[in-house]
Amino acid sequence: MGSNLPYAADADSPLKPDELAVLRAQYEKEGPYVGVQTKFNYAWGLIKSSSRGEQQEGVRLLSEIFRNEPNRRRECLYYLALGNYKLGNYQEARRYNDLLLDHEPANLQASSLRGLIDDKVAKDGLMGVAILSGVAIAAAGVGAMIFKGTRRR
């Protein structure tokens, strides 16, 4: 596999509060001179969280690492994709995941995440079609009632 990172399904298992607290304490202890590994570890813990605010902070921290540390970009790609997926930013998730798969086509965790992203996009697309269909039917009904009412006058 070439990677010992967890499969995408691991994203649904947040760290225990005390485990995240350890990562947070180390991050805060290092202050303005926080190391890249400490920042990465904390961002990873935040992305695994079930709290949307913590997930957003994790994505923000990973984005900083991605921009400022070119030698760490590859390891950020998966978690940026995962974080954006969990936040419902499927286009961003797909973009980061595809970048990783371009460099590592056999990456099993990225392939697993691609399936999750595609399933969610398809499900949301079908839901959107159903909503639009319902709106169109309702509009047609209202239009028919209005038309019927104007014909009677």
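Above this note sits the structure.
Thresholds applied
- Residues numbered from 1 in each chain as written.
- Predicted model: local features only at pLDDT ≥ 70, side-chain atom pairs only at ≥ 80, totals over all residues.
- Heavy atoms only, no water.
- Core = buried A, V, L, I, M, F, W, Y, C linked by side-chain atoms within 4.5 Å.
- Buried < 20%, exposed > 50% of the residue type's maximum accessible area, 1.4 Å probe, protein only.
- Helix = DSSP H or I, 4+ residues; strand = E, 2+ residues; numbered from the N terminus.
- Contact = heavy atoms within 4.5 Å.
- Axes fitted to C-alpha atoms, helices over the stretch in contact; angles between N-to-C directions.
- Parallel < 35°, antiparallel > 145°, perpendicular 65-115°, else oblique.
- Left-handed = near helix turned anticlockwise from the far one by under 90°.
- Salt bridge = Lys/Arg side-chain N within 4 Å of Asp/Glu carboxyl O.
- Expected span 1.5 Å × (residues − 1).
- Arc of directions from axis to C-beta.

Here's the deal with the nonpolar core
The biggest cluster of nonpolar side chains holds 31 residues, and the ones touching the most others in it are Tyr 42, Leu 62, Cys 76, Tyr 79, Leu 80 and Leu 113. Elements that contribute at least two residues to this core include exactly helix H1 (17-30), helix H2 (36-48), helix H3 (52-68), helix H4 (73-87), helix H5 (90-103) and helix H6 (108-152). Looking at which element gives the most residues to this core, the answer is H4, with 9 residues. The residues touching Cys 76, leaving out its near neighbours within four places in the chain, are Phe 40, Leu 62, Ile 65 and Phe 66.

Some thoughts on the packing of H2 against H3
Two elements in contact, H2 and H3, have axes separated by 7 Å at closest approach and are oriented at 150°. As judged from the angle between their axes, H2 and H3 are roughly antiparallel. The handedness of the crossing between H2 and H3 comes out as left-handed. Residues Val 36, Lys 39, Phe 40, Tyr 42, Ala 43, Leu 46 and Ile 47 of H2 pack against Glu 54, Gln 55, Glu 57, Gly 58, Val 59, Leu 61, Leu 62, Glu 64 and Ile 65 of H3.

So, the side chain of Ser 49
With respect to the secondary-structure elements, Ser 49 resides in the loop between H2 and H3. Excluding residues that lie within four positions of it along the chain, Ser 49 makes contacts with Pro 14, Glu 54, Gln 55 and Lys 86.

Overview of the pattern of salt bridges
Under the criterion given, the structure shown has 9 salt bridges. With its nearest N and O atoms 2.6 Å apart, the salt bridge here joins Lys 39 to Glu 64. In this pair, Lys 39 sits in helix H2 while Glu 64 sits in helix H3, placing the two residues 25 residues apart along the sequence. A relative accessible area of 15% places Lys 39 in the buried class.

Remarks on H5
For H5, which comprises 14 residues, the first-to-last C-alpha distance of 20 Å matches the rise-based estimate of 20 Å (1.5 Å per residue) to within 8%. Residues Tyr 90, Ala 93, Tyr 96, Asn 97, Leu 100 and Leu 101 constitute the buried set of H5. Across the axial projection of H5, the buried residues extend over an arc of 140°, all falling on one side. Those residues of H5 that are exposed and angled more than 90 degrees off the buried face are Gln 91, Asp 102 and His 103.

Note that every value here comes from positions in space, so none of it alone points to a role or purpose.
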